[in-house]
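Breakdown of the fold
Listed here are the chains, written in short residue letters.
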Amino acid sequence: MRFRAKIVDLACLNHFSRIINTIAKLAKTCILRLTVCKLYFILSDKVANGGASMWCELSQGNFFDEFQMEGVAAEHNEIYLELVPENLSRALKTSQSAKAVKIKLTNKHCPCLRVAVELPSLSSSSRIVTHDIPVGVIPRRMWNDFREPSVPDFDVSIYLPVLKTMKSVVERMKNLSNFIVIEANLSGEMNLKIETDLVSVTTHFKDLGNPPWASEDGCQSSAQGRDLESMTEACIDIKKLQQLLAGQQVNPTKALCNIVHKRIVHFILLHEEVSLQYFIPAIA
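An unreviewed UniProt entry annotates the chain as Checkpoint protein HUS1 of Illadopsis cleaveri. Looking at the Sequence similarities (unreviewed entry) heading of the UniProt record, one finds this comment for the chain: "Belongs to the HUS1 family." As stated in UniProt under Subunit (unreviewed entry), the record for the chain gives "Component of the toroidal 9-1-1 (RAD9-RAD1-HUS1) complex, composed of RAD9A, RAD1 and HUS1. The 9-1-1 complex associates with LIG1, POLB, FEN1, RAD17, HDAC1, RPA1 and RPA2. The 9-1-1 complex associates with the RAD17-RFC complex. HUS1 interacts with POLB, HDAC1, FEN1, PCNA and RAD9B. HUS1 does not interact with RAD17. Interacts with DNAJC7."

Written out as structure tokens, the structure is:
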């Protein structure tokens, strides 16, 4: 099992660093899945326990100048590592003006991702700052626990309002309640609501637009034949939503959410070569 990669382009490096920062805000620990073409960051808190789950996917070719890996076996050419994304984020913070960053899987005393940051120096020799990030190697028999979450058959899919606006609304509401109701319909309307014994607050968004989803057989998903005005809703933990919005450093070109009535809210943030999915289960 071997892995080594190198980023030289500063714009790619900063972009990669921002993605890791976002992931660090969403997950205390996560799984890094390495394949020949892609990297995946996976958080699968059991939804049954009220945990959120995350699936972030990026193409290595858009970030790395060199990328070599050999998986656990020829027919299973993948590597699954458990790590604390905050540690990786911290290691990359020193790379703002780096000439290059190399990442390598090592196993001196325990398995580590070694991040070597080559910094510019005035003399001819370069300065290299090295960080060793401990990782756990996930055995092959457990890989199935980290498959891509299946997208539930949603009732409504809608584009999100500007995330900065949404974030400031949610931050104000967070002081009033631990729960928030997201409701939306197929006419591009979405409401964020909190209701407590003392106060009820609703923020309305209009003209957001609904994605033109079509299922494989060319007809709409379960949204077919629905009343366009009727609202689908889910009540979720406001802290999880705030975490998602506060951690956003990828500035997605497209952001949308799918709601399964009273069951789950599924967020999808797309940015050129990165896609981030985040699932927050509804609270009964």
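**Things to note about the pattern of salt bridges**
Scanning all chains against the criterion turns up 8 salt bridges. The residue Glu-78 makes a salt bridge to Arg-33 at a minimum N-O spacing of 2.9 Å. Note that Glu-78 is positioned in the loop between strand 5 (66-70) and strand 6 (79-83) and Arg-33 in strand 2 (residues 30-34), a separation of 45 residues in sequence. Residue Asp-237 pairs with Lys-240 through a salt bridge whose shortest N-O separation is 3.6 Å.

**So, the sheet that holds strand 13 (residues 190-195)**
Read across the sheet, 4 strands follow the order 14-13-12-15 without closing on themselves; strand pairing throughout is antiparallel. For this open sheet the edge positions go to strand 14 (200-205) and strand 15 (232-237), each flanked by a neighbour on one side alone. Between one strand and the next, the sheet's axes are offset by a mean angle of 20°, whatever the strand orientation. Relative to strand 13, strand 12 (residues 179-184) is paired through 4 bridges, and the arrangement is antiparallel. Bridge pairing links Val-181 to Lys-193 in strand 13.

Thresholds applied
Residues numbered from 1 in each chain as written. Predicted model: local features only at pLDDT ≥ 70, side-chain atom pairs only at ≥ 80, totals over all residues. Heavy atoms only, no water. UniProt positions renumbered as here; feature names shortened; annotations may be inferred. Salt bridge = Lys/Arg side-chain N within 4 Å of Asp/Glu carboxyl O. Helix = DSSP H or I, 4+ residues; strand = E, 2+ residues; numbered from the N terminus. Pairing = 2+ DSSP bridges. Axes fitted to C-alpha atoms, helices over the stretch in contact; angles between N-to-C directions.

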